[in-house]
Amino acid sequence: MILYPICSSSKGNCSYVSNGEVAILIDVGVGFKALVKSLKLAGLDEKKIRAIFITHEHYDHVKGLYAVTKNLNVPVYSSKETLKELILKNCIYYGTKMFEINKKTANIFGINVSAFNVLHDSVKGVRFKIECEGKKLAVCTDLGEASLEIINNLKDSNFVFLESNYDVKMLKEGKYPAMLKRRIASKYGHLSNLDAAFLINNLINFGVKEFLIGHLSEKNNLPQIALKTIILHLMKNNKKFMKDYNLYVAPVKNNGTKYEI
Ligand SMILES: [Zn+2]
Ligand SMILES: [Zn+2]
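None of the values given here were measured: they were computed from a predicted structure.

1. Overview of the overall build of the protein
Along its length, the protein carries nine helices and 14 strands. Expected size for 261 residues packed as a compact globule is a radius of gyration near 18 Å; at 17 Å, the protein falls within 12% of this value. Along the first, second and third principal axes, the C-alpha atoms of the protein reach 50 × 40 × 35 Å.

2. Describing the sheet that holds strand S10 (residues 135–140)
Sheet strands associate in pairs through backbone hydrogen bonding, adopting either a parallel or an antiparallel arrangement. With mixed pairing, the seven strands of this open sheet are ordered in space as S7-S8-S9-S10-S11-S12-S13. Each of the sheet's edge strands pairs with one partner strand only, and the pair in question is strand S7 (106–108) and strand S13 (246–249). Each neighbouring strand pair of the sheet contributes to a mean axis angle of 20°, computed without reference to strand direction. Of the strand pairs in this sheet, strand S8 (residues 111–116) and strand S9 (residues 127–132) are connected by five bridges, and their pairing is antiparallel. Residue pairing in the sheet places Ala115 in a bridge with Phe128 of S9.

3. Thoughts on the pairing of strand S1 (residues 2–8)
Buried residues dominate S1, accounting for six of its seven residues. Note: S1 against strand S14 (residues 259–260), two bridges, orientation antiparallel. In the strand pairing of S14, Leu3 is matched with Tyr259. The sheet contact formed by S1 and strand S2 (residues 13–18) spans six bridges and is antiparallel. From the neighbouring strand, Pro5 faces S2, where its bridge partner is Ser15. Between S1 and S2, which pair antiparallel in sequence order, lie four residues.

4. Details of unusual backbone geometry
Positioned with a positive phi, Asn73 is a non-glycine residue whose angle comes to about 50°. Its location among the elements puts Asn73 in the loop between helix H3 (65–72) and strand S5 (76–78). The phi dihedral of Asn90 is positive, around 60°, even though this residue is not glycine. With respect to the helices, strands and loops of the structure, Asn90 is situated in the loop between helix H4 (80–88) and strand S6 (98–100). Judged by C-beta crowding, with 10 C-beta atoms within 10 Å, Asn90 ranks as exposed.

5. With respect to the nonpolar core
In globular proteins that are soluble, nonpolar side chains generally tend to be buried together. The biggest cluster of nonpolar side chains holds 70 residues, and the ones touching the most others in it are Val17, Ile24, Phe53 and Val160. Counting residues per element, this core draws most heavily on helix H8 (residues 193–205), which supplies five residues. With near-sequence residues (within four places) excluded, Phe53 lies in contact with Ile24, Leu25, Ile26, Tyr77, Ser78, Val113 and Phe128.

What counts, and at which threshold
Residues numbered from 1 in each chain as written. Chains lettered and ligands numbered in written order. Predicted model: local features only at pLDDT ≥ 70, side-chain atom pairs only at ≥ 80, totals over all residues. Helix = DSSP H or I, 4+ residues; strand = E, 2+ residues; numbered from the N terminus. Rg over C-alpha atoms; globule rule 2.2 N^0.38 Å. Pairing = 2+ DSSP bridges. Axes fitted to C-alpha atoms, helices over the stretch in contact; angles between N-to-C directions. Buried ≥ 20, exposed ≤ 12 C-beta atoms within 10 Å, placed from the backbone. Core = buried A, V, L, I, M, F, W, Y, C linked by C-beta atoms within 7 Å. Contact = placed C-beta atoms within 7 Å.

In structure tokens form, the structure reads like this:
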């Protein structure tokens with residue numbers, strides 16, 4: 001299985017997951033032309049996409065959904081609450097097939113996708129676990145808190161794509177209004193670098209070894225700060241980088257870096 005994070009930040013999120021034969025998209029926070037261009041740089045093909053999975057209705061996850069459903073004519077999967085919201089916001093091209101995924105596993109030509117719920121301030125959103133040829137990938141950003149439910153859903157993964165949204169100090173000292181700062185740091189907002197570090201430490205204890213962090217805030221985080229915070233926390237917990245675990249940062253816009261799982 002291949003994971004290609006096309007874009008990842010507070011401005012746009014979209015991932016392409018493929019077993020070589022077919023592919024799915026997780027979220028579509030990218031326009032159709034930019035999607036095709038990015039895939040080409042990685043030697044991948046939009047014509048292999050057979051389904052789109054949407055985590056929640058926030059703009060950075062759906063801004064290209066209308067154009068992509070219009071161009072590709074593939075079904076959209078999400079919770080029924082999210083699907084309703086997407087229709088109301090005119091985010092899905094009319095005639096597009098839609099399927100509810102809650103509590104069911106969707107099988108897309110050998111790529112099995114299941115969903116679980118998280119706390120985040122959207123209508124009832126979902127996050128996804130993808131299983132293909134015995135390998136398990138979790139794509140899990142926009143998390144209010146690293147709850148036990150999240151740990152239970154991620155702990156048997158071979159590869160976890162996780163949010164590491166903000167640096168605590170940068171958010172505190174930054175220019176965001178106090179209300180927005182409170183929202184981001186609340187259990188309905190996003191995970192800080194330190195929250196991500198605690199979660200990764202927990203998951204390593206369960207045997208997870210490969211981590212990709214993403215959805216970094218462009219105002220309140222930097223890749224080097226996120227990496228440093230997480231690696232230092234794991235060092236304190238006797239976990240060695242590149243021995244006990246691997247850690248990568250998803251680019252804001254990807255020019256070809258893919259991950260084999
Ligand atoms: Zn987001
Ligand atoms: Zn969100």
